[in-house]
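Listed below are the residues making up each chain.
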Amino acid sequence: MHGISCGDCAVRMAKAGADIVGVNCHFDPSTSLKTVKLMKEALQLAGLERHYMVQPLAFHTPDCNKQGFIDLKEFPFALEPRVLTRWDMHNYAREAYNMGIRYIGGCCGFEPYHVRAVAEELSKERGKMPAASDKHDMWGAGLRMHTKPWVRARAGRDYWENLQPASGRPYAASMSQPDCWGVTRGHDSLVQKKGATTDAEIKTACMLKKS
């Protein structure tokens, strides 16, 4: 975002003494994992070995700009349609682990069932199941007791892992048009104020938005 690649950033952090490098917040698991992959490749090219971490959002953000989800029109109070399912979290945890990441967590949007899904996916590696797993059967196995046969047929990993959920919003677009403010650093509008933003300041801020 500021002219420094994520790979260079990782190398700089490592040379500055960081034992663990990675990314936190602003982007979804897919983007975050791609970023850590680039960081890892840069470190290896520089002959440096470090531990890796990742803490993405629990929201799908394929359409955001370089500042991440704060550029999306839905930020921060209408992001719910973008929430990852628990099955998405299983996939995220497995991909992260297979990449060599060992600090696997989450940031904004993560709910208890998301954390449980991560822990369940890596239960073999961890040597135990999370305590909360006593409250449900994994991969929808509890649906075997459902009264409807077509619902009972969903009691398995294959069904949920390959599902493409619908939003249920007839006129909603699958992608958003991110706001492009053109400001990322070194601007007076980014200075944190002690008081609430005035109407005049909001009007001035809106003028920064690019058409």
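Remember, predicted model here, so these are calculated numbers, not experimental data.

Draft legend 1. The arrangement of the nonpolar core in detail. Ranked by size, the top nonpolar core spans 26 residues in total, and within it Leu43, Val54, Met89, Tyr92 and Ile101 carry the most contacts. When residues of this core are traced back to their parent elements, those giving at least two are α1 (6-15), β1 (20-24), α2 (29-45), β2 (51-55), α3 (86-98) and α4 (112-121). Examining the composition of this core, we find that 5 residues originate from one element, α2, more than from any other. Residue contacts for Leu43: discarding those within four places in its chain leaves Ala10, Val11, Ala14, Val21, Leu48, Arg50 and Tyr52. The next biggest cluster of nonpolar side chains, apart from the first, holds 7 residues, and it includes Cys25, Phe59, Cys64 and Leu72.

Draft legend 2. Spotlight on the side chain of His114. Its place among the elements puts His114 in helix α4. By relative accessible area, His114 is classed as buried at 0%.

Draft legend 3. The arrangement of the layout of surface pockets in detail. Reported here for the largest pocket is a volume of approximately 830 Å³. His60, Pro81, Arg82, Pro165 and Ser167 are the residues nearest the centre of the largest pocket, which is lined by 24 residues in total. Only α3 and α7 (157-161) provide two or more residues apiece to the lining of the largest pocket. If you tally residues by element for the lining of the largest pocket, the top one is α3, at 3 residues. The residue makeup of the lining of the largest pocket, split by class, is 12 nonpolar, 7 polar and 5 charged.

Draft legend 4. Molecular detail of the sheet that holds strand β3 (residues 103-104). Strand order across the open sheet formed by 3 strands is β1-β2-β3, with parallel pairing between neighbours. The open sheet is flanked by β1 and β3, the only strands paired with a single partner. Where β2 lies against β3, 2 bridges are found, and the strand directions are parallel. Its bridge partner being in β3, Met53 is matched across the sheet by Tyr103.

Draft legend 5. Spotlight on unusual backbone geometry. At the junction of Phe75 and Pro76, the peptide bond is cis and its omega measures out at -5 degrees in the coordinates. The backbone of Cys25 sits at a positive phi, close to 70 degrees, despite the residue not being glycine. Looking at the secondary structure, you find Cys25 in the loop between β1 and α2. The exposure class of Cys25 is buried, given its relative accessible area of 13%. Here Trp139, not a glycine, exhibits a phi torsion of approximately 55 degrees, which is positive. Residue class for Trp139 comes out buried when judged on its relative accessible area of 8%.

Draft legend 6. Inspection of the packing of aromatic side chains at higher detail. Within this structure, the stated rule accounts for 5 aromatic pairs. Consider the rings of Phe59 and Phe69, whose centres lie 6.4 Å apart with planes at 25 degrees: the pair is stacked. Remark: Phe69 occurs in the loop between β2 and α3 and Phe59 occurs in the loop between β2 and α3; sequence separation between them is 10 residues. Each of the two residues, Phe59 as well as Phe69, counts as buried. Centroid distance Tyr159 to Trp160: 4.8 Å. Interplanar angle 85 degrees. Geometry classified as edge-to-face. Residue classification places Trp160 among the buried positions, given a relative accessible area of 18%.

Draft legend 7. Here's a closer look at the environment of Tyr159. Mapped onto the elements, Tyr159 comes out in helix α7. With relative accessibility at 33%, the residue Tyr159 sits in the partly exposed group. For the pair Tyr159 and Ala172, spaced 13 residues apart in the sequence, the C-alpha separation amounts to 25 Å.

Cut-offs and rules
Residues numbered from 1 in each chain as written. Predicted model: local features only at pLDDT ≥ 70, side-chain atom pairs only at ≥ 80, totals over all residues. Heavy atoms only, no water. Core = buried A, V, L, I, M, F, W, Y, C linked by side-chain atoms within 4.5 Å. Buried < 20%, exposed > 50% of the residue type's maximum accessible area, 1.4 Å probe, protein only. Helix = DSSP H or I, 4+ residues; strand = E, 2+ residues; numbered from the N terminus. Contact = heavy atoms within 4.5 Å. 1 Å grid on protein atoms, 1.4 Å probe; cavity = no way out; pocket = protein on both sides within 12 Å on 5 of 7 lines; lining within 4 Å. Points joined across faces, edges and corners; volume = space filled by probe spheres on them. Nonpolar A, V, L, I, M, F, W, Y, C, P; charged D, E, K, R; others polar. Pairing = 2+ DSSP bridges. Phe/Tyr/Trp six-rings, centres within 6.5 Å; stacked < 30°, edge-to-face > 60°.

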